[in-house]
Amino acid sequence: NIALESFMLCAAFFATLGTYYSGDPYTGVFCGILAGLACSVLFGILVFHLGSSGMVVSIAMNLGMDAFTSFLLLNIFGKRGSFMDSRLVSLPSVKLPVISRIPYIGEVLGTHNVVVYFTLLAIAGTWIAMYKTPFGLRLRSVGINEKAAQTTGTNVLRYKWYSVLITGFFVGDCGRSTSAWRAPPYSPENMSAGRGFLAVAAIMIAKGNPVLAAVYSFMFAYAQALAASMQNFGIPSQIVLALPYFMTIAVLLVSGIRGRVKKGAVETA
C-alpha cells in the first residue's frame, strides 16, 4: 500500500471541512480520521475483494486525490488554489506541568497539542501490540508469508483488513495535521507535499518496526525543518526543498549497504 499520500491529502481536506463547519478543531480531527478510514475501505475493497493490483490502485489514488480535493474546494467554497477563513482554527497547545519548565527540553516536548502527544503514545502502543501480543504475531506473520499464516488457522483476509484500517486511522490523523492543525490559508494542491511517500520509505527502511519507523520519520521531519530555516541564507529554493528527499535517498542507500554487508557476513559464516 503506497497510497498513503492520497490518504493524507483526503484527510487534510475533510479535516479542514469539518473544522470550517463546526468551528471546532477536534471535530476536524474526527473528520480527518473518517476520511482516512474511507480511503482504507476503498483500497481494501478494490484490492482484497475485487482482485485489483495494490500498486495500480495506489498510483490511481495518489494521482486522483489531488484533482478530487481541488474539485471539492471549487464546488464547496467557490475558491481555487487556497482558502482562508477565521473558522479554520488550530488545535490549542497543551503545556505539560513538569516537562514544559525544563530548559530546552520543555520547548521541544512540553508545549504541543494533543495530537502530538497521542502520536508519541501511539508509537509505544503499536510496538507493544506488534511484538508483545498474539494479535501482532498474527499480523506480522500475514505480512511476511500469508500462505504460511493461513496454514496455522489465521484468517488472512481479516488481518489484512485490520492492517489497512489501522493504517487509515493513523494516516487520517496525520493528514489532518497538515491542514486544520496549521494556520490558514489552506491549499489542497499538494498539501501533503510528499509526506505520504516519506512515510512509506520510513516503513520500508524500518521493516515495519513502529519505533524505527518513527525514528526515520523524525529524521525526515528534521530535514524539512532544516530546509525551512535554510531559506533565510540565500540558498536556492530548489536545493532547499529537495533536502528532505535527498536525506531519504541517503538513508535508503545506507540501509541497503548495511543489508548487503550483513548478508555477505552471514553467507561467509
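Rules of the game
- Residues numbered from 1 in each chain as written.
- Predicted model: local features only at pLDDT ≥ 70, side-chain atom pairs only at ≥ 80, totals over all residues.
- Heavy atoms only, no water.
- Helix = DSSP H or I, 4+ residues; strand = E, 2+ residues; numbered from the N terminus.
- Rg over C-alpha atoms; globule rule 2.2 N^0.38 Å.
- Contact = heavy atoms within 4.5 Å.
- Axes fitted to C-alpha atoms, helices over the stretch in contact; angles between N-to-C directions.
- Left-handed = near helix turned anticlockwise from the far one by under 90°.
- Nonpolar A, V, L, I, M, F, W, Y, C, P; charged D, E, K, R; others polar.
- Buried < 20%, exposed > 50% of the residue type's maximum accessible area, 1.4 Å probe, protein only.
- Arc of directions from axis to C-beta.
- Expected span 1.5 Å × (residues − 1).
- Bend = angle between axes of the 7 residues up to and from the residue.

Enquirer: Go over the overall build of the chain, please, and point to the residues and values.
Expert: In terms of regular secondary structure, the chain is built from 11 helices and two strands. Tracing the chain from N to C terminus, the helices and strands come up as α-α-α-β-α-β-α-α-α-α-α-α-α. Computed over its C-alpha atoms, the radius of gyration of the chain comes to 20 Å, within 12% of the 18 Å expected for a compact globule of 269 residues. For the chain, the spread of C-alpha atoms along the three principal axes comes to 60 × 45 × 40 Å.

Enquirer: Please provide a residue-by-residue account of the side chain of Asp173, values included.
Expert: With respect to the helices, strands and loops of the structure, Asp173 is situated in helix α8 (residues 156-176). Setting aside anything within four residues of it in sequence, one finds Asp173 in contact with Val29, Ile33, Val115, Phe118 and Thr119.

Enquirer: Describe the packing of helix α1 (residues 4-22) against helix α2 (residues 25-49), naming the residues involved and giving the relevant values.
Expert: Relative to each other, α1 and α2 sit at 145 degrees, their axes nearing to 7 Å. In this structure, α1 crosses over α2, and the sense of that crossing is right-handed. Facing Ser6, Phe7, Cys10, Ala11, Phe14, Ala15, Gly18, Thr19 and Ser22 of α1, the residues of α2 in contact are Pro25, Thr27, Gly28, Cys31, Gly32, Ala35, Gly36, Cys39, Ser40 and Phe43. Here the residues of the contact of α1 with α2 are counted per class, giving 10 nonpolar, nine polar and no charged.

Enquirer: So what's going on with helix α6 (residues 134-144)? Which residues, and what values?
Expert: Residues spaced three or four apart along an α-helix face the same direction, because each turn holds 3.6 residues. Three or more residues of α6 are buried, namely Gly136, Leu139 and Val142. An end-on view of α6 places all buried positions within 125 degrees of arc, on one side of the element. Across from the buried face of α6, at angles greater than 90 degrees, the exposed residues are Pro134, Leu137 and Ile144.

Enquirer: How would you explain helix α3 (residues 54-77) if you had to name every residue and give the values?
Expert: The end-to-end C-alpha separation of α3 is 33 Å, in line with the 34 Å expected for 24 residues at 1.5 Å each. At Gly64, α3 is deflected by roughly 30 degrees, the largest bend along its length. Buried within α3 are the following residues: Val57, Ser58, Met61, Asn62, Met65, Thr69, Leu72, Leu73 and Phe77. Residues of α3 that are buried make contact with α1, α2 and α9 (195-206). Backbone geometry just downstream of α3 places Gly78 in the positive-phi region, at approximately 65 degrees.

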